[in-house]
Amino acid sequence: MASVQSKPALWNKITKFLREVRGEMRKVSWPNRKELVTYTIVVLVTVVIVAVFTGVVDVIVTAILNLLSQLGG
């Protein structure tokens, strides 16, 4: 019997949560189109820079390890 009574309470909690989420989402300051494009470009450029840096470091470390393995034996 306890589970039957807890279902409406759970449903009330869920609907209250969703109403509060909707209220908070209305308070959010959404970026305009120009800001969105600028932020997207910044993110993409940053990702490319980090990917290139990681690739260069990987090539250098691989070359060093190959050199050490050839010297060692």
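Shown above is the structure to which this text applies.
**Some remarks on the overall build of the protein**
Scanning the protein for helices and strands turns up 2 helices and 0 strands. What you see for the protein is a C-alpha radius of gyration of 27 Å, clearly larger than the 11 Å of a compact globule of 73 residues, by over 25%. Counting only C-alpha atoms and orienting by the principal axes, one finds that the protein spans roughly 75 × 45 × 10 Å. For the protein, the residues scored as buried account for 0% of the 73 residues in total. For the protein, the exposed area adds up to about 7000 Å²; of that, 71% sits on carbon and sulfur atoms.

**Quick word on helix α2 (residues 33-72)**
The first and last C-alpha atoms of α2 sit 58 Å apart over 40 residues, in line with the 58 Å expected at 1.5 Å per residue. Between the side-chain oxygen of the N-cap and the backbone nitrogen of K34 there are 3.2 Å, and the N-cap of α2 in question is N32.

**Some words on the pattern of salt bridges**
Going through the model one piece at a time under the given rule, you end up with 1 salt bridge. For the salt bridge of K27 with E24, the shortest nitrogen-to-oxygen distance reads 3.2 Å. Taken together, the positions of K27 and E24, both in helix α1 (residues 2-27) and 3 residues apart, correspond to about one turn of that helix.

**Description of a nonpolar patch on the surface**
The grouping of V48, V52, F53, V56, V57, I60, V61, I64, L65, L67, L68 and L71 at the surface amounts to a nonpolar patch, some 1100 Å² of accessible area in total. Along the chain, V56 falls in helix α2. On the accessibility criterion, V56 (44% relative accessible area) is partly exposed.

What counts, and where the lines are drawn
- Residues numbered from 1 in each chain as written.
- Predicted model: local features only at pLDDT ≥ 70, side-chain atom pairs only at ≥ 80, totals over all residues.
- Heavy atoms only, no water.
- Helix = DSSP H or I, 4+ residues; strand = E, 2+ residues; numbered from the N terminus.
- Rg over C-alpha atoms; globule rule 2.2 N^0.38 Å.
- Buried < 20%, exposed > 50% of the residue type's maximum accessible area, 1.4 Å probe, protein only.
- Areas by Shrake-Rupley, 256 points an atom, 1.4 Å probe, with all protein chains shown as cover.
- Expected span 1.5 Å × (residues − 1).
- Polar contact = N/O pair within 3.5 Å; in protein donor to acceptor, adjacent residues only side chain to side chain.
- Salt bridge = Lys/Arg side-chain N within 4 Å of Asp/Glu carboxyl O.
- Patch = residues over 30% accessible without salt bridge, like charges linked within 9 Å, V, L, I, M, F, W, Y side chains within 5 Å.

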